[in-house]
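# A structural walkthrough
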Amino acid sequence: MLLTKSTTFIIGPVATLLGYIMNGIFWVQSQIGIESIGLCIILFTIVIYMLLMPLTIKQQKFSKLQSKMNPELQAIQKKYKDKRQDQAAMMKMNEETQAVYQKYGVNPMGSCLQLIIQMPILFALYQVIQNIPAYVGSVYNVFNGVCTKILAVDGFTDIINNFITDNKMTRVRQVTENADSIVDFLYALSPSQWESLQNISQFSGFSDQISKTASEIQKMQTFGVLNIADQPLSYIKTGSLILIIAALAIPLLSWATQMLNLKLMPQAATQNGNNDNNAMASSMKTMNTVMPLMSAFFCFTFPVGLGIYWIASSVVRSIQQLLINRHLNKMNIDDLVNENMKKMEAKRAKEGLPPQKITNQAHQSARNINKIEKGMSGTDEANRAKKVEEAYKNASHAKAGSITAKANLVRDFEERNKKK
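Residues numbered from 1 in each chain as written. Predicted model: local features only at pLDDT ≥ 70, side-chain atom pairs only at ≥ 80, totals over all residues. Heavy atoms only, no water.

### Structural notes on the overall build of the chain
This is how the line gets drawn: We count a stretch as a helix when DSSP gives it H or I for four or more residues in a row; a strand needs E for two or more, and each element gets its number in order from the N terminus. Whether a residue is buried, partly exposed or exposed follows from its accessible area with a 1.4 Å probe, protein chains only, as a fraction of its type maximum: under 20%, in between, or over 50%, in that order. We call two residues contacting when some pair of their heavy atoms lies within 4.5 Å. The Shrake-Rupley method, run with a 1.4 Å probe, gives the accessible areas here. Residue values count only the displayed protein chains as cover.
Summing up its helical and strand segments, the chain has 20 helices and two strands in all. For the chain, the proportion of its 420 residues judged to be buried stands at 44%. In the chain, the share of contacts with a sequence separation of at least 24, taken over all contacts with a separation of at least 6, comes to 73%. Of the roughly 23100 Å² that the chain leaves accessible, carbon and sulfur atoms contribute 58%.

Below, the structure written as C-alpha coordinates:
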(Lines give C-alpha, C1' and ligand atoms only; values in the text may rest on other atoms or scores of the structure.)
Protein backbone atom coordinates (compact mmCIF):
# COMPACT_ATOMS: atom_id res chain seq x y z
CA MET A 1 0.00 0.00 0.00
CA LEU A 2 1.44 3.38 -0.98
CA LEU A 3 1.20 5.63 2.07
CA THR A 4 1.56 9.00 0.31
CA LYS A 5 -1.42 11.37 0.24
CA SER A 6 -4.62 10.03 -1.25
CA THR A 7 -5.64 11.57 -4.58
CA THR A 8 -8.96 9.74 -4.81
CA PHE A 9 -11.90 11.88 -5.94
CA ILE A 10 -13.59 13.58 -2.94
CA ILE A 11 -11.76 11.36 -0.43
CA GLY A 12 -8.39 12.95 -1.28
CA PRO A 13 -9.40 16.57 -0.50
CA VAL A 14 -11.31 15.46 2.61
CA ALA A 15 -8.24 13.51 3.79
CA THR A 16 -6.09 16.61 3.28
CA LEU A 17 -8.48 18.64 5.45
CA LEU A 18 -8.50 15.95 8.15
CA GLY A 19 -4.71 15.80 7.87
CA TYR A 20 -4.52 19.44 8.98
CA ILE A 21 -6.46 18.49 12.12
CA MET A 22 -4.17 15.53 12.89
CA ASN A 23 -1.08 17.65 12.25
CA GLY A 24 -2.45 20.28 14.64
CA ILE A 25 -3.09 17.68 17.35
CA PHE A 26 0.43 16.29 17.00
CA TRP A 27 1.88 19.83 17.12
CA VAL A 28 0.06 20.50 20.42
CA GLN A 29 1.39 17.21 21.80
CA SER A 30 4.91 18.23 20.74
CA GLN A 31 4.60 21.52 22.62
CA ILE A 32 3.98 19.64 25.87
CA GLY A 33 6.62 17.01 25.13
CA ILE A 34 4.35 14.05 24.27
CA GLU A 35 5.16 12.99 20.70
CA SER A 36 3.11 9.80 20.70
CA ILE A 37 1.51 8.75 17.41
CA GLY A 38 -0.73 6.24 19.25
CA LEU A 39 -2.14 8.98 21.51
CA CYS A 40 -2.51 11.25 18.49
CA ILE A 41 -4.60 8.58 16.73
CA ILE A 42 -6.92 8.34 19.75
CA LEU A 43 -7.33 12.13 20.13
CA PHE A 44 -7.80 12.55 16.38
CA THR A 45 -10.52 9.86 16.34
CA ILE A 46 -12.35 11.53 19.24
CA VAL A 47 -12.27 14.95 17.54
CA ILE A 48 -13.55 13.66 14.19
CA TYR A 49 -16.40 11.65 15.69
CA MET A 50 -17.41 14.63 17.84
CA LEU A 51 -17.61 16.74 14.67
CA LEU A 52 -19.75 14.02 13.07
CA MET A 53 -22.11 13.80 16.05
CA PRO A 54 -24.80 16.20 14.67
CA LEU A 55 -25.08 14.02 11.55
CA THR A 56 -25.22 10.90 13.73
CA ILE A 57 -28.05 12.37 15.82
CA LYS A 58 -30.05 13.20 12.68
CA GLN A 59 -29.57 9.67 11.39
CA GLN A 60 -30.66 8.20 14.73
CA LYS A 61 -33.79 10.37 14.79
CA PHE A 62 -34.66 9.06 11.35
CA SER A 63 -34.11 5.49 12.62
CA LYS A 64 -36.43 6.12 15.57
CA LEU A 65 -39.18 7.31 13.24
CA GLN A 66 -38.39 4.51 10.81
CA SER A 67 -39.15 1.91 13.47
CA LYS A 68 -42.58 3.54 13.90
CA MET A 69 -43.20 3.78 10.16
CA ASN A 70 -42.08 0.24 9.27
CA PRO A 71 -45.37 -1.51 10.14
CA GLU A 72 -47.29 0.92 7.92
CA LEU A 73 -44.76 0.73 5.07
CA GLN A 74 -44.76 -3.07 5.25
CA ALA A 75 -48.55 -3.10 5.17
CA ILE A 76 -48.46 -1.07 1.94
CA GLN A 77 -45.98 -3.48 0.37
CA LYS A 78 -48.13 -6.43 1.39
CA LYS A 79 -51.26 -4.75 0.02
CA TYR A 80 -49.72 -4.34 -3.46
CA LYS A 81 -47.53 -7.46 -3.43
CA ASP A 82 -49.47 -9.18 -6.24
CA LYS A 83 -49.96 -6.01 -8.33
CA ARG A 84 -46.36 -5.33 -9.42
CA GLN A 85 -47.29 -5.34 -13.11
CA ASP A 86 -50.20 -2.91 -12.64
CA GLN A 87 -48.85 0.59 -13.30
CA ALA A 88 -51.88 2.31 -11.77
CA ALA A 89 -51.56 0.18 -8.63
CA MET A 90 -47.86 1.01 -8.39
CA MET A 91 -48.62 4.72 -8.63
CA LYS A 92 -51.20 4.31 -5.87
CA MET A 93 -48.66 2.42 -3.76
CA ASN A 94 -46.16 5.27 -4.17
CA GLU A 95 -48.82 7.79 -3.15
CA GLU A 96 -49.68 5.83 -0.02
CA THR A 97 -45.98 5.39 0.82
CA GLN A 98 -45.45 9.13 0.47
CA ALA A 99 -48.47 9.68 2.69
CA VAL A 100 -46.79 7.72 5.49
CA TYR A 101 -43.62 9.77 5.17
CA GLN A 102 -45.70 12.97 5.19
CA LYS A 103 -47.53 11.75 8.26
CA TYR A 104 -44.24 11.64 10.18
CA GLY A 105 -42.70 14.68 8.50
CA VAL A 106 -39.82 12.60 7.12
CA ASN A 107 -37.86 12.93 3.89
CA PRO A 108 -37.44 9.42 2.42
CA MET A 109 -33.88 10.32 1.36
CA GLY A 110 -33.00 11.79 4.77
CA SER A 111 -31.06 8.80 6.05
CA CYS A 112 -29.24 8.29 2.74
CA LEU A 113 -28.13 11.93 2.75
CA GLN A 114 -26.54 11.55 6.19
CA LEU A 115 -24.68 8.43 5.03
CA ILE A 116 -23.56 10.11 1.78
CA ILE A 117 -22.01 12.92 3.82
CA GLN A 118 -20.41 10.65 6.41
CA MET A 119 -18.94 7.95 4.15
CA PRO A 120 -16.24 10.08 2.42
CA ILE A 121 -15.22 11.46 5.82
CA LEU A 122 -14.87 7.98 7.34
CA PHE A 123 -12.90 6.69 4.33
CA ALA A 124 -10.67 9.76 4.47
CA LEU A 125 -10.22 9.26 8.23
CA TYR A 126 -8.93 5.75 7.56
CA GLN A 127 -6.53 7.10 4.91
CA VAL A 128 -5.03 9.63 7.34
CA ILE A 129 -4.58 6.99 10.06
CA GLN A 130 -2.81 4.70 7.58
CA ASN A 131 -0.71 7.44 5.98
CA ILE A 132 0.42 9.53 8.95
CA PRO A 133 3.78 10.76 7.52
CA ALA A 134 1.93 12.16 4.50
CA TYR A 135 -0.20 14.41 6.74
CA VAL A 136 1.93 15.06 9.85
CA GLY A 137 5.02 17.08 8.98
CA SER A 138 6.88 16.30 12.21
CA VAL A 139 6.71 12.57 11.52
CA TYR A 140 7.72 12.95 7.85
CA ASN A 141 10.75 15.10 8.80
CA VAL A 142 12.16 12.32 11.02
CA PHE A 143 13.05 10.37 7.86
CA ASN A 144 14.61 13.25 5.86
CA GLY A 145 18.25 12.50 6.73
CA VAL A 146 18.13 8.75 6.00
CA CYS A 147 15.98 9.32 2.93
CA THR A 148 18.58 11.68 1.44
CA LYS A 149 21.38 9.15 2.08
CA ILE A 150 19.43 6.29 0.49
CA LEU A 151 18.71 8.36 -2.62
CA ALA A 152 22.46 8.81 -3.11
CA VAL A 153 23.14 5.03 -3.20
CA ASP A 154 23.42 3.48 -6.66
CA GLY A 155 20.68 0.93 -7.33
CA PHE A 156 18.85 1.72 -4.09
CA THR A 157 15.46 0.82 -5.63
CA ASP A 158 16.55 -2.78 -6.30
CA ILE A 159 18.13 -3.05 -2.84
CA ILE A 160 14.99 -1.87 -1.02
CA ASN A 161 12.58 -3.80 -3.24
CA ASN A 162 14.52 -7.01 -2.56
CA PHE A 163 14.37 -6.15 1.15
CA ILE A 164 10.56 -5.73 0.90
CA THR A 165 10.25 -9.13 -0.81
CA ASP A 166 12.59 -10.93 1.58
CA ASN A 167 10.81 -9.54 4.67
CA LYS A 168 7.31 -10.11 3.19
CA MET A 169 6.30 -6.48 3.74
CA THR A 170 2.73 -6.38 2.40
CA ARG A 171 1.90 -2.82 3.54
CA VAL A 172 4.14 -1.12 0.94
CA ARG A 173 4.43 -1.29 -2.79
CA GLN A 174 7.67 -1.38 -4.69
CA VAL A 175 9.88 1.63 -4.04
CA THR A 176 10.52 4.09 -6.87
CA GLU A 177 13.04 6.91 -7.18
CA ASN A 178 10.53 9.20 -5.49
CA ALA A 179 11.49 10.31 -1.95
CA ASP A 180 7.90 9.86 -0.71
CA SER A 181 7.95 6.16 -1.58
CA ILE A 182 11.10 5.74 0.55
CA VAL A 183 9.38 7.47 3.48
CA ASP A 184 6.44 5.10 3.00
CA PHE A 185 8.86 2.18 3.23
CA LEU A 186 10.70 3.52 6.29
CA TYR A 187 7.49 4.27 8.21
CA ALA A 188 6.27 0.69 7.65
CA LEU A 189 9.41 -0.87 9.20
CA SER A 190 9.06 -2.77 12.46
CA PRO A 191 11.84 -2.49 15.11
CA SER A 192 13.43 -5.77 13.97
CA GLN A 193 13.33 -4.66 10.31
CA TRP A 194 15.17 -1.43 11.20
CA GLU A 195 18.01 -3.59 12.55
CA SER A 196 18.04 -5.62 9.32
CA LEU A 197 18.19 -2.39 7.28
CA GLN A 198 21.35 -1.33 9.16
CA ASN A 199 23.06 -4.58 8.16
CA ILE A 200 22.71 -3.96 4.41
CA SER A 201 26.27 -3.51 3.14
CA GLN A 202 25.41 -0.71 0.70
CA PHE A 203 23.96 1.32 3.63
CA SER A 204 26.88 0.67 6.01
CA GLY A 205 28.28 4.18 5.48
CA PHE A 206 25.31 5.74 7.29
CA SER A 207 24.24 2.88 9.59
CA ASP A 208 24.60 5.17 12.61
CA GLN A 209 22.09 7.59 11.07
CA ILE A 210 19.72 4.69 10.39
CA SER A 211 20.03 3.66 14.05
CA LYS A 212 19.38 7.23 15.24
CA THR A 213 16.31 7.58 12.98
CA ALA A 214 15.00 4.18 14.13
CA SER A 215 15.33 5.25 17.77
CA GLU A 216 13.57 8.57 17.13
CA ILE A 217 10.61 7.13 15.20
CA GLN A 218 10.23 4.22 17.64
CA LYS A 219 9.82 6.70 20.50
CA MET A 220 6.93 8.24 18.54
CA GLN A 221 5.48 4.82 17.69
CA THR A 222 5.69 3.35 21.20
CA PHE A 223 2.28 2.99 22.84
CA GLY A 224 2.50 1.42 26.28
CA VAL A 225 4.76 -1.59 25.79
CA LEU A 226 3.92 -2.04 22.09
CA ASN A 227 5.16 -0.41 18.89
CA ILE A 228 2.28 0.65 16.65
CA ALA A 229 4.22 -0.35 13.52
CA ASP A 230 4.57 -3.95 14.72
CA GLN A 231 1.98 -6.72 14.40
CA PRO A 232 0.39 -8.40 17.45
CA LEU A 233 1.23 -11.77 15.88
CA SER A 234 4.97 -10.98 15.89
CA TYR A 235 4.80 -10.21 19.63
CA ILE A 236 2.89 -13.44 20.29
CA LYS A 237 5.58 -15.45 18.46
CA THR A 238 8.67 -13.89 20.01
CA GLY A 239 7.64 -11.57 22.88
CA SER A 240 7.68 -11.94 26.65
CA LEU A 241 4.54 -12.80 28.63
CA ILE A 242 3.72 -9.10 29.19
CA LEU A 243 4.10 -8.33 25.47
CA ILE A 244 1.99 -11.37 24.53
CA ILE A 245 -0.82 -10.27 26.87
CA ALA A 246 -0.67 -6.69 25.53
CA ALA A 247 -0.62 -7.93 21.93
CA LEU A 248 -3.61 -10.24 22.52
CA ALA A 249 -5.51 -7.33 24.09
CA ILE A 250 -5.58 -5.47 20.74
CA PRO A 251 -7.72 -7.95 18.73
CA LEU A 252 -9.80 -8.90 21.79
CA LEU A 253 -10.62 -5.26 22.59
CA SER A 254 -11.34 -4.59 18.91
CA TRP A 255 -13.92 -7.42 18.92
CA ALA A 256 -15.42 -6.48 22.32
CA THR A 257 -15.78 -2.75 21.63
CA GLN A 258 -17.39 -3.34 18.24
CA MET A 259 -19.84 -5.82 19.76
CA LEU A 260 -20.70 -3.25 22.45
CA ASN A 261 -21.28 -0.62 19.79
CA LEU A 262 -23.60 -2.94 17.84
CA LYS A 263 -25.56 -3.80 21.00
CA LEU A 264 -26.18 -0.11 21.68
CA MET A 265 -27.37 0.64 18.15
CA PRO A 266 -31.18 0.85 17.85
CA GLN A 267 -32.67 -2.03 15.90
CA ALA A 268 -35.52 -1.39 13.48
CA ALA A 269 -38.67 -3.35 14.23
CA THR A 270 -39.93 -5.87 11.68
CA GLN A 271 -43.15 -7.79 11.32
CA ASN A 272 -42.94 -11.51 12.01
CA GLY A 273 -45.10 -12.36 9.03
CA ASN A 274 -42.93 -10.61 6.45
CA ASN A 275 -40.46 -13.11 5.01
CA ASP A 276 -38.39 -10.45 3.18
CA ASN A 277 -37.87 -8.45 6.34
CA ASN A 278 -37.16 -11.58 8.39
CA ALA A 279 -34.48 -12.57 5.85
CA MET A 280 -33.01 -9.08 6.01
CA ALA A 281 -32.98 -9.13 9.81
CA SER A 282 -31.27 -12.53 9.73
CA SER A 283 -28.63 -11.24 7.31
CA MET A 284 -27.98 -8.19 9.50
CA LYS A 285 -27.63 -10.40 12.58
CA THR A 286 -25.10 -12.59 10.79
CA MET A 287 -23.15 -9.56 9.57
CA ASN A 288 -23.13 -8.04 13.06
CA THR A 289 -21.63 -11.28 14.37
CA VAL A 290 -19.08 -11.79 11.59
CA MET A 291 -17.73 -8.23 11.20
CA PRO A 292 -16.30 -7.88 14.75
CA LEU A 293 -14.75 -11.33 14.44
CA MET A 294 -13.16 -10.34 11.12
CA SER A 295 -11.71 -7.16 12.62
CA ALA A 296 -10.23 -9.21 15.49
CA PHE A 297 -8.69 -11.62 12.96
CA PHE A 298 -7.20 -8.77 10.89
CA CYS A 299 -5.78 -7.16 14.03
CA PHE A 300 -3.40 -10.10 14.47
CA THR A 301 -1.59 -9.38 11.18
CA PHE A 302 -2.20 -5.61 10.81
CA PRO A 303 -0.04 -3.01 12.60
CA VAL A 304 -0.98 -2.27 16.22
CA GLY A 305 -1.75 1.34 15.24
CA LEU A 306 -4.68 0.25 13.08
CA GLY A 307 -6.06 -1.84 15.94
CA ILE A 308 -5.80 1.17 18.25
CA TYR A 309 -7.82 3.19 15.75
CA TRP A 310 -10.53 0.51 15.52
CA ILE A 311 -10.76 0.28 19.31
CA ALA A 312 -10.80 4.07 19.80
CA SER A 313 -13.48 4.59 17.14
CA SER A 314 -15.70 1.84 18.62
CA VAL A 315 -15.37 3.26 22.14
CA VAL A 316 -16.16 6.80 20.96
CA ARG A 317 -19.17 5.59 18.95
CA SER A 318 -20.43 3.59 21.95
CA ILE A 319 -20.24 6.62 24.25
CA GLN A 320 -21.97 8.72 21.61
CA GLN A 321 -24.67 6.08 21.23
CA LEU A 322 -25.32 6.00 24.98
CA LEU A 323 -25.81 9.77 24.99
CA ILE A 324 -27.97 9.72 21.86
CA ASN A 325 -30.11 6.85 23.19
CA ARG A 326 -30.69 8.75 26.43
CA HIS A 327 -31.65 11.87 24.47
CA LEU A 328 -34.00 10.04 22.08
CA ASN A 329 -35.63 7.99 24.85
CA LYS A 330 -36.69 11.23 26.52
CA MET A 331 -38.10 12.55 23.24
CA ASN A 332 -41.80 11.95 22.60
CA ILE A 333 -42.52 10.63 19.12
CA ASP A 334 -45.14 13.35 18.58
CA ASP A 335 -42.62 16.03 19.52
CA LEU A 336 -40.19 14.57 17.02
CA VAL A 337 -42.85 14.59 14.29
CA ASN A 338 -43.81 18.18 15.14
CA GLU A 339 -40.17 19.21 15.02
CA ASN A 340 -39.86 17.71 11.53
CA MET A 341 -43.02 19.48 10.39
CA LYS A 342 -41.76 22.87 11.55
CA LYS A 343 -38.43 22.36 9.80
CA MET A 344 -40.21 21.41 6.57
CA GLU A 345 -42.41 24.49 6.72
CA ALA A 346 -39.46 26.76 7.55
CA LYS A 347 -37.64 25.38 4.51
CA ARG A 348 -40.67 25.95 2.27
CA ALA A 349 -41.03 29.50 3.59
CA LYS A 350 -37.35 30.19 2.92
CA GLU A 351 -37.90 29.06 -0.68
CA GLY A 352 -40.92 31.36 -0.96
CA LEU A 353 -43.42 28.51 -1.10
CA PRO A 354 -46.77 28.49 0.71
CA PRO A 355 -47.29 26.00 3.57
CA GLN A 356 -48.43 22.59 2.34
CA LYS A 357 -51.80 21.39 3.61
CA ILE A 358 -51.37 17.65 3.42
CA THR A 359 -51.35 16.56 7.03
CA ASN A 360 -54.95 15.42 7.45
CA GLN A 361 -54.92 13.72 4.07
CA ALA A 362 -51.67 11.96 4.93
CA HIS A 363 -53.04 10.75 8.26
CA GLN A 364 -56.28 9.53 6.68
CA SER A 365 -54.43 7.70 3.90
CA ALA A 366 -52.01 6.05 6.32
CA ARG A 367 -54.87 5.12 8.63
CA ASN A 368 -56.69 3.42 5.73
CA ILE A 369 -53.57 1.40 4.97
CA ASN A 370 -52.85 0.04 8.39
CA LYS A 371 -55.93 1.09 10.38
CA ILE A 372 -54.61 1.85 13.87
CA GLU A 373 -51.09 1.06 15.07
CA LYS A 374 -50.84 -1.74 17.58
CA GLY A 375 -51.32 -0.37 21.09
CA MET A 376 -52.69 2.96 19.84
CA SER A 377 -56.35 3.85 20.18
CA GLY A 378 -58.34 5.79 17.60
CA THR A 379 -58.38 8.75 19.96
CA ASP A 380 -54.59 8.70 20.21
CA GLU A 381 -54.31 8.60 16.44
CA ALA A 382 -56.68 11.53 16.10
CA ASN A 383 -54.77 13.48 18.75
CA ARG A 384 -51.55 12.90 16.87
CA ALA A 385 -53.09 14.21 13.66
CA LYS A 386 -54.37 17.25 15.53
CA LYS A 387 -50.97 17.95 17.08
CA VAL A 388 -49.19 17.68 13.75
CA GLU A 389 -51.74 19.99 12.13
CA GLU A 390 -51.14 22.49 14.92
CA ALA A 391 -47.42 22.25 14.22
CA TYR A 392 -48.10 23.31 10.63
CA LYS A 393 -50.16 26.24 11.82
CA ASN A 394 -47.48 27.30 14.31
CA ALA A 395 -44.83 27.04 11.62
CA SER A 396 -46.84 29.35 9.39
CA HIS A 397 -46.96 32.22 11.95
CA ALA A 398 -44.43 34.88 11.04
CA LYS A 399 -43.59 38.54 11.53
CA ALA A 400 -44.99 41.06 9.11
CA GLY A 401 -42.75 41.57 6.09
CA SER A 402 -40.89 38.26 6.51
CA ILE A 403 -40.66 35.66 3.75
CA THR A 404 -42.97 33.38 5.70
CA ALA A 405 -45.56 36.13 6.02
CA LYS A 406 -45.44 36.74 2.27
CA ALA A 407 -45.86 33.01 1.67
CA ASN A 408 -48.92 33.06 3.94
CA LEU A 409 -50.41 35.92 1.90
CA VAL A 410 -49.99 33.84 -1.26
CA ARG A 411 -51.70 30.89 0.44
CA ASP A 412 -54.62 33.04 1.64
CA PHE A 413 -55.00 34.58 -1.82
CA GLU A 414 -55.18 31.13 -3.44
CA GLU A 415 -57.73 29.92 -0.90
CA ARG A 416 -59.96 32.96 -1.49
CA ASN A 417 -59.86 32.37 -5.26
CA LYS A 418 -60.91 28.75 -4.74
CA LYS A 419 -63.99 29.86 -2.83
CA LYS A 420 -65.12 32.21 -5.63
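From this point, the discussion proceeds with the structure in view.
### Focus on the nonpolar core
As a reminder, the rule being used: Among the buried residues, those of types Ala, Val, Leu, Ile, Met, Phe, Trp, Tyr and Cys that are joined through side-chain atoms within 4.5 Å form a nonpolar core.
In terms of nonpolar packing, the biggest core is built from 68 residues, with I37, V139, F185, L186, L197 and F203 touching the most fellow members. For F203, the residues in contact, after removing those within four places along its chain, are I150, V153, I159, I160, L197 and I210.

### Description of the confidence of the model for the chain
Put simply, the test is: By definition, pLDDT measures how confident the predictor is in each residue, and it falls between 0 and 100.
The predicted model of the chain has a mean per-residue pLDDT of 81, with 79% of residues at 70 or higher. Under a pLDDT of 50 for its full length, residues 268–273 has, in the predicted model, eleven contacts with residues more than four places off or in other chains. When the criterion is pLDDT under 50, residues 369–378 qualifies, and its contacts beyond four places in sequence or with other chains add up to 18 contacts.

### Digging into the packing of helix α8 (residues 144–151) against helix α12 (residues 207–221)
This is how it is decided: Where helices are involved, their axes are fitted lines through C-alpha atoms of the stretch in contact, as for all axes, and angles between N-to-C directions lie from 0 to 180°. Here is the rule for handedness: rotate from the far helix to the near one, and if that takes an anticlockwise turn smaller than a right angle the crossing is left-handed, while a clockwise turn gives right-handed. Think of it as three bins: nonpolar holds Ala, Val, Leu, Ile, Met, Phe, Trp, Tyr, Cys and Pro, charged holds Asp, Glu, Lys and Arg, and polar takes everything else, Gly as well.
Look at α8 against α12: their axes get within 9 Å of each other, and the N-to-C directions meet at 145 degrees. Viewed along their axes, α8 and α12 form a crossing whose handedness is left-handed. Facing α8, whose interface residues are G145, V146 and K149, α12 presents Q209, I210 and T213. A breakdown of the residues in the contact of α8 with α12 according to their chemical character gives two nonpolar, three polar and one charged.

### Digging into the pattern of salt bridges
Which entries qualify depends on this criterion: By definition here, a salt bridge exists when the distance from a side-chain nitrogen of Lys or Arg to a carboxyl oxygen of Asp or Glu is within 4 Å.
Across all of its chains, the model carries one salt bridge by this definition. The closest approach of N and O atoms between K79 and E96, which form a salt bridge, is 3.1 Å. Residue K79 is found in helix α3 (residues 53–79), and its partner E96 is found in helix α4 (residues 87–103); the two are separated by 17 residues along the sequence.

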